[in-house]
Amino acid sequence: MPLALLALAVGAFGLGTTEFVMMGLLPDVADDLGISIPTAGHLVSAYALGVVIGAPLLAAVTARMSRRTVLIGLMGLFVAGNALSALAPGEHWLLAARFLSGLPHGAFFGVGAVVATGMVAPERKARSVSLMFLGLTLANIAGVPVATLMGQHLGWRATFLGVSAIGLAAIASLALLIPHDHAHAPAVGLRRELVALKSVPVWLALGTTVAGFGALFAAYSYITPMLTDAAGYADSNVTLLLALFGVGATAGNLVGGRLADHSLRGTLFGGLTSLVVVLALFPVLMSTQWSAAVAVVLLGTAAFVTGSPLQLMVMEKASAAPSLASSANQAAFNLANAGGAWIGGLALAAGLGVTSPALTGAALAVLGLGVAAVAAVVDRRRVDVSPGRERVVATHLPEQAEAVRY
């Protein structure tokens, strides 16, 4: 695997750290700014909104630029957003800075996935994406806990300065390791990039991302009360248990990348099925402390097995606009974050029990399986899969056709 993937992983580590660290800093930020914790929670939403808006927008407007230049520019925007967060004099300035920090998130992962797959052989594409995502999963093991401790002892502003330093390290590694000859985008216009997203398979792949990761966040958003109220853990143990989730996510991400290079759709179906089973068993697994710890690891593993396959599938379904489609998949991931948490909260509000969000997550994972099955049927109807045949298949662009070998 190219050493350049390390540069992408460093950037992903910084993005993952700043995305999730705010959850642990909410009480400190609220006290310092004189606002309530629910109000401070808007800072989490501001980042997610930045991701959803920035992912497709920045990928589209930078379509003609060198992808190496785009990655460095996106990380520069990330550094600026986190530095402004550290210097924000009040709540509204911090909201704006968090929104700015979120803008480059999805586009970085989207463009980075295209660069990563372009530097390896076709049979290693999914593995290359998983190695970039390794930075995101490692952020949950090391980046977020360390950044949270830094905020608690040195102040929350020091955390964002520290994250800015990670961004500067990422810029240096990107400039040093990303080769120029593998990072140039094709000369396509914004109109053709947008037309590429009209494909039904692309939207089915994005829908699978929303449902599949919505299942994860329906349960994970409420994992703390499950661990304390159902499993009987003390509050002080939750941070360590959440690190176990990161361990599971890292393992699932690496395994998913390897398996997807052999069977993309098979890995996707296997991961979603595993997620259904794990979430359905949550009420039982949360009955004892040891099984609850196992459940946290299994949740991270089952969910992130699907990460690389979904990213690669979206890119393949929109081959004329891989950067835009790949970035849109990151926007879908954040929609899943918000939507899954909302649906899981509805179950809690209805008085269905502290583990009920996991069961709603299982239902969402079943929905994801259904969308993935529909996508498989659509693919079979669109393509003649007879071995050894070559024919011209009409693409989503009226002026273009491509020869495809099956």
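See the structure above.
Described below are features of the structure shown in this document.

1. Structural notes on empty space enclosed by the protein
Tallied over the entire structure, the rule returns three cavities of 30 Å³ or more. Residue lining of the largest cavity: Phe-133, Leu-136, Thr-209, Phe-213, Phe-304, Gly-307, Gln-311, Asn-329, Gln-330 and Phe-333, and that is the complete set. Broken down by element, the lining of the largest cavity gets its largest block of residues, three residues, from helix H16 (residues 322-349). Split by residue class, the lining of the largest cavity holds five nonpolar, five polar and no charged.

2. Focus: the packing of aromatic side chains
Summed over all chains, the structure comprises eight aromatic pairs. A ring pair is formed by Phe-213 and Phe-304, whose centres lie 5.8 Å apart and whose planes are at 75°; its orientation type is edge-to-face. Placement of the pair is Phe-213 in helix H9 (residues 200-220) and Phe-304 in helix H14 (residues 289-304), with a sequence separation of 91 residues. Assessed through its relative accessible area of 5%, Phe-213 is described here as buried.

3. Focus on the nonpolar core
The biggest cluster of nonpolar side chains holds 56 residues, and the ones touching the most others in it are Leu-216, Phe-282 and Met-286. If you tally residues by element for this core, the top one is H9, at ten residues. Once you skip the residues sitting within four places of it in the chain, Phe-282 turns out to touch Ile-223, Met-226, Ala-295, Leu-299 and Ala-358. Judged by nonpolar contacts, the second largest core, of 36 residues, contains Leu-5, Val-79, Phe-133 and Leu-174.

4. Things to note about helix H3 (residues 42-61)
With 20 residues, H3 should cover 28 Å at 1.5 Å per step; its first-to-last C-alpha distance of 28 Å lies within 8% of that length. Largest kink in H3: about 35°, centred on Gly-54, with the proline Pro-56 one to four residues after it. Among all positions of H3, only Leu-43, Ala-46, Tyr-47, Ala-48, Gly-50, Val-51, Gly-54, Ala-55, Leu-58, Ala-59 and Ala-60 are buried.

The rules behind these values
- Residues numbered from 1 in each chain as written.
- Predicted model: local features only at pLDDT ≥ 70, side-chain atom pairs only at ≥ 80, totals over all residues.
- Heavy atoms only, no water.
- 1 Å grid on protein atoms, 1.4 Å probe; cavity = no way out; pocket = protein on both sides within 12 Å on 5 of 7 lines; lining within 4 Å.
- Points joined across faces, edges and corners; volume = space filled by probe spheres on them.
- Helix = DSSP H or I, 4+ residues; strand = E, 2+ residues; numbered from the N terminus.
- Nonpolar A, V, L, I, M, F, W, Y, C, P; charged D, E, K, R; others polar.
- Phe/Tyr/Trp six-rings, centres within 6.5 Å; stacked < 30°, edge-to-face > 60°.
- Buried < 20%, exposed > 50% of the residue type's maximum accessible area, 1.4 Å probe, protein only.
- Core = buried A, V, L, I, M, F, W, Y, C linked by side-chain atoms within 4.5 Å.
- Contact = heavy atoms within 4.5 Å.
- Expected span 1.5 Å × (residues − 1).
- Bend = angle between axes of the 7 residues up to and from the residue.

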